[in-house]
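# Coordinates in review
Given next are the chains, with one letter for each unit.
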Amino acid sequence: RIFSITCHPSRDHVIVCAGDKIGYVGMWKQDESNLSTNNITSNDDNAVSLFKLHNRPVSNLQWNNDGSQMTSISYDGSVRRLDANHTGTFQEVFAT
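Here goes a summary of the coordinates provided. (Residues numbered from 1 in each chain as written. Predicted model: local features only at pLDDT ≥ 70, side-chain atom pairs only at ≥ 80, totals over all residues. Heavy atoms only, no water.)

### Some points on the environment of His13
So the rule is basically this: Helix numbers and strand numbers start at the N terminus; a helix is a DSSP run of H or I with at least 4 residues, a strand a run of E with at least 2. Residue burial is assigned from relative accessible area. The probe radius is 1.4 Å, only protein chains are included, and a residue is buried under 20% of its type maximum, exposed over 50%, and partly exposed in between.
Positionally, His13 belongs in the loop between strand 1 (2–7) and strand 2 (14–20). With relative accessibility at 38%, the residue His13 sits in the partly exposed group. With 17 residues separating them along the chain, His13 and Gln30 place their C-alpha atoms 7.1 Å apart.

The structure is reproduced here in structure tokens:
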């Protein structure tokens, strides 16, 4: 079940990110042709990328203003940050 959701601030692409109740974060890039026809295709450009980042519900997801970083916060007491421009990886920035 989805517990949190955010959209990338890009004006060129629709990228939806969702966090669930067991600690996964999914990212889905939807292209304009599929949005206009309401078709979901199976090509790799529209695939969902799934990451197991936390051990409890993901309570908040938020992109920074320029879309270069996304932060995820969880009830497990951890905060992770995605560096979308450089490394493409999530780093733990806080944990209790």
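### Structural notes on the pairing of strand 2
Inclusion rule: By definition, two strands form a pair when at least two bridges between them are found by DSSP.
Among the 7 residues in strand 2, 6 count as buried, and that is most of the element. Here strand 1 runs beside strand 2; their pairing, made up of 5 bridges, is antiparallel. Each residue of the ladder has a partner; that of Ile2, found in strand 2, is Asp20. Joining the antiparallel neighbours strand 1 and strand 2 is a turn of 6 residues. By the bridge criterion, 6 bridges tie strand 2 to strand 3 (residues 24–30) in an arrangement that is antiparallel. Bridging across to strand 3, Cys17 finds its partner in Met27.

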